[in-house]
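Breakdown of the fold
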Amino acid sequence: MSDVTTVFCDATVARLRQQVGARVADRLMAAGRQLTQDELMAEALAPPTPTDKPLTGRELEVAELAGQGLSNEQIASDLVISRRTVETHLEHVRQKLDLASRYEIVAWALSRSG
């Protein structure tokens, strides 16, 4: 690989690692290393699914505040948004990261901060 490609790849992996957290990134990288070249190409060329979408800045912010133990009402007050908007952001986080509950969001947020 060229130096430019390597720098781009390293930056992309670092950005995605920050978005999903170290634990999830390590799991995904390990799974990727198990794939053959043909499987990797098929995965790369597959159409995106809803779970392939990265978190928005606001979703990440809401998830991090939830990870700090704030209630939906406290998050809403801190961000000057409605409680319902906080609930919507948390639902999007659950869907995008394939998490089942608020507790898993908290665990995910804590794993990113450590």
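Above this text sits the structure in question.
The paragraphs below set out a description of the structure included in this document. All of these numbers come straight from a predicted model, not from anything done at the bench.

Reading the values: rules and limits
Residues numbered from 1 in each chain as written. Predicted model: local features only at pLDDT ≥ 70, side-chain atom pairs only at ≥ 80, totals over all residues. Heavy atoms only, no water. Axes fitted to C-alpha atoms, helices over the stretch in contact; angles between N-to-C directions. Helix = DSSP H or I, 4+ residues; strand = E, 2+ residues; numbered from the N terminus. Parallel < 35°, antiparallel > 145°, perpendicular 65-115°, else oblique. Contact = heavy atoms within 4.5 Å. Nonpolar A, V, L, I, M, F, W, Y, C, P; charged D, E, K, R; others polar. Salt bridge = Lys/Arg side-chain N within 4 Å of Asp/Glu carboxyl O. Buried < 20%, exposed > 50% of the residue type's maximum accessible area, 1.4 Å probe, protein only. Expected span 1.5 Å × (residues − 1).

**Remarks on the packing of helix 4 (residues 57–67) against helix 7 (residues 102–113)**
In helix packing, the relevant descriptors are the interaxial angle and the interaxial distance, both defined with respect to the helix axes. Helix 7 packs onto helix 4 with a crossing angle of 95° between their chain directions and a minimal axis gap of 8 Å. In this view, helix 4 runs roughly perpendicular relative to helix 7, as classed from their interaxial angle. Along its contact with helix 4, which presents Leu60, Ala63, Glu64, Ala66 and Gly67, the element helix 7 presents Arg102, Ile105, Val106, Trp108, Ala109, Leu110 and Arg112. Looking at side-chain class alone, the contact of helix 4 with helix 7 contains eight nonpolar, one polar and three charged residues.

**What to know about the pattern of salt bridges**
Following the criterion strictly, the structure yields seven salt bridges and no others. Among the ionic pairs, Glu61 bridges to Arg58, the shortest N-O distance being 3.2 Å. In this pair, Glu61 and Arg58 both sit in helix 4, three residues apart, roughly one turn of the helix. We classify Glu61 as partly exposed; its relative accessible area is 33%. Note on Arg58: relative accessible area 31%, which makes it partly exposed. Connected through shared salt-bridge partners, Glu73, Arg83, Arg84 and Glu87 make up one network.

**Re unusual backbone geometry**
Backbone geometry at Val80 places phi at a positive 55°, although glycine is not the residue there. Tracing the backbone through its elements, the reader meets Val80 in the loop between helix 5 (72–79) and helix 6 (83–97). Of note in this structure, Asp98 is not a glycine but carries a positive phi near 55°. Looking at the secondary structure, you find Asp98 in the loop between helix 6 and helix 7. Look at Asp98 and you get exposed, because its relative accessible area is 65%.

**Structural notes on helix 1 (residues 3–20)**
A rise of 1.5 Å per residue sets the reference length of helix 1, with its 18 residues, at 26 Å; its end C-alpha atoms lie 26 Å apart and thus fit the reference within 8%. Of the residues flanking the end of helix 1, it is Gly21, one or two places downstream, whose phi is positive at about 95°.

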